[in-house]
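Notes for the structure review
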Amino acid sequence: MEPIIQFDRSWQNDFLKKIDDDGPWANPELFELAYQAEKESMIPSFQGLVAPGMLPALNLHPHQIETARQVIEKMHGKAILADEVGLGKTIEAGLVIKEYMLRGLVRKVLILVPASLVLQWVAELNRKFSIPAVPQRKTYVWDACDIVVSSIDTAKREPHRSLVLKQDYDLIVIDEAHKLKNQQTRNYQFVRELRKKFCLLLTATPIQNRLDEIFYLVSILKPGFLGNEAQFSRTFKSGNRSVKNEDRLKQLVDQVMVRNRRSDTGMDWPKRIVASIPVQFSAEERTFYQSLDLLKQAGLVDGFTLLTVKREACSSREAAYVTLNKRYRKSANPENQQLWNTVFQKLNTVRSNAKAEKALELIRKIDDKVIIFTEYRATQLYLQWYLKQYGISSVPYSGGFRRGKKDWMRSLFENRVQVLIATEAGGEGINLQFASHLINYDLPWNPMRVEQRIGRIHRLGQKEDVHIYNFAVQDTVENHILDLLYNKIDLFEQVVGELDEILARINLKDLDHQVSRIFEESDSEGELRIKLDNLSSVINSEKNTLAAEDGFHAAN
Amino acid sequence: MQQTDLIRYLTRFFKATGCTVLPASHQGQIRVRLTEKMDQLLMNRPFYWHYIHQTGGTPETATLVLNTDLTIAEGEPIYPGSPRLHQIFKAARQLAMFIRMYQKIPEQADRALEPWIELNVKISDRCDLKRDRMASIGLQLINGTLIEGFHQVLNKLELSSRMPDYCYTLTPLITVRSGLIRIEKLIEKELRGESAEWADEAEYRWNQDQRLLDLFYEHETEMPDVYTQECETLKELYQPRTTVRLVNAGLYYLRSETFLPDRIISR
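For clarity, every value in this text was computed on a predicted model and none was experimentally measured.

Overview of the overall build of chain A
Looking only at helices and strands, chain A features 24 helices and 16 strands. Along the longest, intermediate and shortest principal axes, the C-alpha atoms of chain A span 105 × 55 × 50 Å. The buried share of chain A, taken over its 556 residues, is 42%. Intrachain contacts of chain A at a sequence separation of at least 6 include 76% that bridge at least 24 residues.

Structure (structure tokens):
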């Protein structure tokens, strides 16, 4: 194909006029320097990256440079970046943006990220890459600025929506792209409608259990690459969840996805040092915990609610109270009033929190920054108050915080206070690698969420070994989940990212749902043990298969 | 650009723009007092200058301290790819688009100088990838001689922005406007003669993506708007284009002997 040849002639009239007017002419020395400047900034080869050489202050890892090169040369700038948590997907994206900008292939960039990460992205691009990114704050920014970072929820709403759709973007970056997985959502439709030449989708959990999700993600990048929906179903789906022609699918997906694993990077990662911390309920706590069974026996709560309240009771009486009170309001009548009273009385007699005492002891011993993760907002508040009683300042961190507040809390934790108490929603995206001690105050039932918690500190930039303390109250549901499941599958020692792959392979959708069903439907301790045992051996066997395959690949 | 080259470049740049280069306190550092014009161009403080001009105050121009040695804490780091160097490169290009020069002449030489134009251009091949090269072409405006690599030739001559005494310039037979067209024609002819393998490869990628896209909408009875849009963006992405952009251009008056075979006179 003959390339189109385009001459820029916009300067010619100026030149002719200078000749007519005989000046004013430029300084010849500057003329030479301008020539040299141009020579210096030109890039003579299609191949290779110039950006790394232009970022002397940035400590790039080989896998990050290789990823950017692959994205540009092999994937033509349309790729899913799916590195394991903590390997620096943001850096890779920044490198790709920078390279395209230096080459003059990209000017207008839109970066869509969760609201909580907008400022973090802006700061990283500016500081690390000298890319003049701005956060979207006013409507004029869409037109006036070339590189805009925004939350997708803002961008898709009017008056922004129509302005954004009017822009001619050279490159679109979407962080946490797995959230787009559903074709029906407005977010997905919106992203499909954006004008874009290049596109990067960032996700840490690419291989979700539902095959459709991968289809939709790839269809944003390269519509038709996996066929249309009907063909895709025909070729790759068997039944609702299973895959057929898996090798073919994997081969195709590999052409649009880069996934670096910690184990492949050849980097020296800090170790994870895991300790299970058994906690003994006080007599009052134990009595309260046991009294909860009465509610189920009387038919006031179903199995699932009982389980929920029990888990909450393992965290704090405050957390349990929230759910109990809700149930009470719904179901209270004169007949069961007596029973409710008993339970609430037991709750009221609880004067101490065994876990909080343990946490205090541990924090004092560690004498360094500590992150406490809890699933419950009530526990978070209680802990903050409790630690304060003993002269330990802490900051809360929740997913619901506004951007500015999150940044503020993070920086307070980095610079001022010893403890950060985060609820689950705070788990995604925040970088806390300056701390190396993490307490799992209570345990979520989805192992991926545990992995994400640990990923906050066990990531690039962490210089110390990472200490993880798992609290579990003895002889409770919590203790079962820790002993019978997590410890059996070596959850805490796992290589990051392995887990999501394992879970995807065994098609265990919603592991926490599975686990809660096991608890609900087991009538005896023995049955529970056997079922959890089964679950963990399924996971383990898949892990061994995976390890064997990797070994095979490595040997080749 | 190595550190020493960078320091040399910056020194030349600031001297050429009339700024005062001050003694630096470290090796690999340059300290310079800007002129008013360069302050306005580089320091991005329009409010200050607005204020000075409104009040008629005496301006205090900034002193820039730039370090090519990134370990020096004082001042601002400068390296290839840094925003500051990018800005200085841009300023150099803005300030030096066009020049006119005369060749210096030894005693007893022919006093006639022939008119030439020089075009320095950046040629970029682009699809989803891009590469650049520079070309410098000279055209003699009387007999139409074309020379490639003209900039290198000029670098060997002794030139001055003032016409030497007792000299005269010959009148061009070719207008500058048609001269520019001749140069374009030459560039175009050369480009057409080059291998278009890269363009073929881009076309292949384009066709592939287009085929996939058509497949995706295979069952649609009416193509949605987004299909048209996607076709357009594929074209924007892959359509092989070669762009020719001016770096700078000059008008020269040179001795005819300069270009006789084996007679390129060195300074």
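Still more ground to cover, so stick around.
Looking at the overall build of chain B
From N to C terminus, chain B includes eight helices and eleven strands. Seen through its principal axes, chain B has C-alpha atoms that stretch 80 × 55 × 40 Å. The buried share among the 267 residues of chain B stands at 33%. Once local pairs closer than 6 in sequence are excluded, the contacts in chain B between residues at least 24 apart make up 66%.

Examining the nonpolar core
Residues and elements named next belong to chain A. By size, the foremost hydrophobic cluster in this structure holds 70 residues, and its most contacted members are Ile-111 and Leu-201. Looking at this core element by element, the count peaks at eight residues for helix 10 (residues 211-221). With near-sequence residues (within four places) excluded, Leu-201 lies in contact with Ile-80, Ile-174, Ala-177, Leu-217, Ile-220 and Leu-221. Residues Ala-313, Ala-359, Leu-511 and Ile-518 belong to the second largest nonpolar core, which totals 67 residues.

Details of the interface of chain A and chain B
Opposite the 58 residues of chain A that make contact, chain B presents 73 residues. Breaking the side of chain A that touches chain B down by element, the ones donating at least two residues are strand 1 (4-7), helix 1 (12-21), helix 2 (28-41), helix 9 (186-193) and strand 7 (196-202) of chain A. At 13 residues, helix 2 of chain A tops the list of elements feeding residues into the side of chain A that touches chain B. In terms of residue class, the side of chain A that touches chain B is built from 30 nonpolar, 14 polar and 14 charged.

Let's talk about the domain arrangement of chain B
Here the domain parsing of chain B yields domain 1 (3-95), domain 2 (99-196 + 241-259) and domain 3 (199-238). Distance from the C-alpha centre of domain 1 of chain B to the C-alpha centre of domain 2 of chain B: 32 Å.

Considerations on the sheet that holds strand 12 (residues 370-374) of chain A
Residue and element names in this part refer to chain A. Reading across the sheet, the six strands line up as 11-16-15-12-14-13 and stay open at both edges, with parallel pairing between neighbours. Every interior strand has two partners, whereas the edge strands, strand 11 (272-279) and strand 13 (394-397), have only one. Neighbour to neighbour, the strand axes of the sheet diverge by 20 degrees on average, direction disregarded. When strand 12 meets strand 14 (residues 419-423), the two strands line up parallel, connected through five bridges.

Re unusual backbone geometry
Residue and element names in this part refer to chain A. The residue after Gly-23, namely Pro-24, is reached through a cis peptide bond having omega -5 degrees. Summarising the element assignment, Pro-24 is placed in the loop between helix 1 and helix 2. The omega torsion across Glu-158 and Pro-159 is 5 degrees, close enough to zero to call that bond cis. For Pro-159, the location among the structural elements is in the loop between helix 7 (152-155) and helix 8 (160-166). Its identity as a non-glycine residue notwithstanding, Asp-22 has a phi of 50 degrees, on the positive side. Within the secondary structure, Asp-22 is located in the loop between helix 1 and helix 2. The class for Asp-22 is exposed, based on 9 C-beta atoms found within 10 Å. Look at Ser-130: it is not a glycine, yet its phi comes out positive at around 50 degrees. One can find Ser-130 in the loop between helix 5 (118-129) and strand 4 (134-135). The exposure class of Ser-130 is partly exposed, given the 18 C-beta atoms found within 10 Å.

Structural notes on the packing of helix 2 of chain A against helix 1 (residues 3-16) of chain B
In helix packing, the relevant descriptors are the interaxial angle and the interaxial distance, both defined with respect to the helix axes. Viewed as axis vectors pointing N to C, helix 2 of chain A and helix 1 of chain B meet at an angle of 140 degrees, and their least axial separation amounts to 9 Å. In terms of axis orientation, helix 2 of chain A runs oblique to helix 1 of chain B. Remark: the crossing between helix 2 of chain A and helix 1 of chain B carries left-handed chirality. On the side of helix 2 of chain A, the interface is formed by Glu-29, Leu-30, Leu-33 and Gln-36 of chain A, while helix 1 of chain B contributes Tyr-9, Arg-12, Phe-13 and Ala-16 of chain B. Here the residues of the contact of helix 2 of chain A with helix 1 of chain B sort into five nonpolar, one polar and two charged.

Section: the sheet that holds strand 4 (residues 76-77) of chain B
Residue and element names in this part refer to chain B. With mixed pairing, the four strands of this open sheet are ordered in space as 1-2-3-4. Two strands lie at the open edges of the sheet, namely strand 1 (20-22) and strand 4, each paired on one side alone. As judged from the five bridges shared by strand 2 (residues 29-33) and strand 3 (residues 63-67), these two strands associate in the antiparallel manner. In the strand pairing of strand 3, Val-32 is matched with Leu-64.

Remarks on the pairing of strand 3 of chain B
The pairing of strand 3 of chain B with strand 4 of chain B spans two bridges and is parallel. Considered in strand 4 of chain B, the bridge of Asn-67 of chain B is made with Pro-77 of chain B.

A closer look at the confidence of the model for chain A
On average, residues of chain A score 85 in pLDDT, and 91% of them are at 70 or above. Here residues 551-556 of chain A is modelled with pLDDT under 50, and outside its nearest four sequence neighbours on either side it reaches zero contacts, counting other chains as well.

Description of the packing of helix 4 (residues 89-102) of chain A against helix 5 of chain A
Residues and elements named next belong to chain A. In contact at an axis separation of 11 Å, helix 4 and helix 5 are set at 60 degrees when each is read in the N-to-C sense. One element, helix 4, and the other, helix 5, form an angle in the oblique class. Crossing of helix 4 over helix 5 shows right-handed handedness. Counted together, Thr-90, Gly-94 and Lys-98 of helix 4 and Trp-121, Glu-124, Leu-125, Lys-128 and Phe-129 of helix 5 form the full contact between these two elements. Across the contact of helix 4 with helix 5, the residue classes break down as three nonpolar, two polar and three charged.

Side note on the environment of Ala-91 of chain B
For Ala-91 of chain B, the location among the structural elements is in helix 4 (residues 83-95). Sequence-wise, Ala-91 of chain B and Met-38 of chain B are 53 residues apart; in three dimensions their C-alpha atoms are separated by 8.9 Å.

So, the environment of Val-395 of chain A
All names here are of chain A. The residue Val-395 is located in strand 13 in this model. A tally of 19 C-beta atoms within 10 Å means that Val-395 is categorised as partly exposed. Through-space distance from the C-alpha of Val-395 to that of Gln-418 is 8.6 Å; in sequence the pair is 23 residues apart.

A few points about helix 14 (residues 303-315) of chain A
Here helix 14 of chain A is 13 residues long and its end C-alpha atoms lie 19 Å apart, about the 18 Å a rise of 1.5 Å per residue gives. Of all the residues in helix 14 of chain A, the buried ones are Leu-306, Leu-307, Val-309, Lys-310, Arg-311, Glu-312, Ala-313, Cys-314 and Ser-315 of chain A.

Topic: the pairing of strand 7 of chain A
Residues and elements named next belong to chain A. For strand 7, the tally of buried residues reaches seven of seven residues, placing the bulk of the element in the interior. Strand direction decides the pairing type here: strand 2 (residues 78-81) and strand 7, joined by four bridges, are parallel. Opposite Lys-78, over in strand 7, you have Cys-199 as the bridge partner.

Definitions and cut-offs
Residues numbered from 1 in each chain as written. Chains lettered and ligands numbered in written order. Predicted model: local features only at pLDDT ≥ 70, side-chain atom pairs only at ≥ 80, totals over all residues. Helix = DSSP H or I, 4+ residues; strand = E, 2+ residues; numbered from the N terminus. Buried ≥ 20, exposed ≤ 12 C-beta atoms within 10 Å, placed from the backbone. Contact = placed C-beta atoms within 7 Å. Core = buried A, V, L, I, M, F, W, Y, C linked by C-beta atoms within 7 Å. Nonpolar A, V, L, I, M, F, W, Y, C, P; charged D, E, K, R; others polar. Domains from an automatic or database assignment. Pairing = 2+ DSSP bridges. Axes fitted to C-alpha atoms, helices over the stretch in contact; angles between N-to-C directions. Parallel < 35°, antiparallel > 145°, perpendicular 65-115°, else oblique. Left-handed = near helix turned anticlockwise from the far one by under 90°. pLDDT = per-residue confidence, 0-100. Expected span 1.5 Å × (residues − 1).

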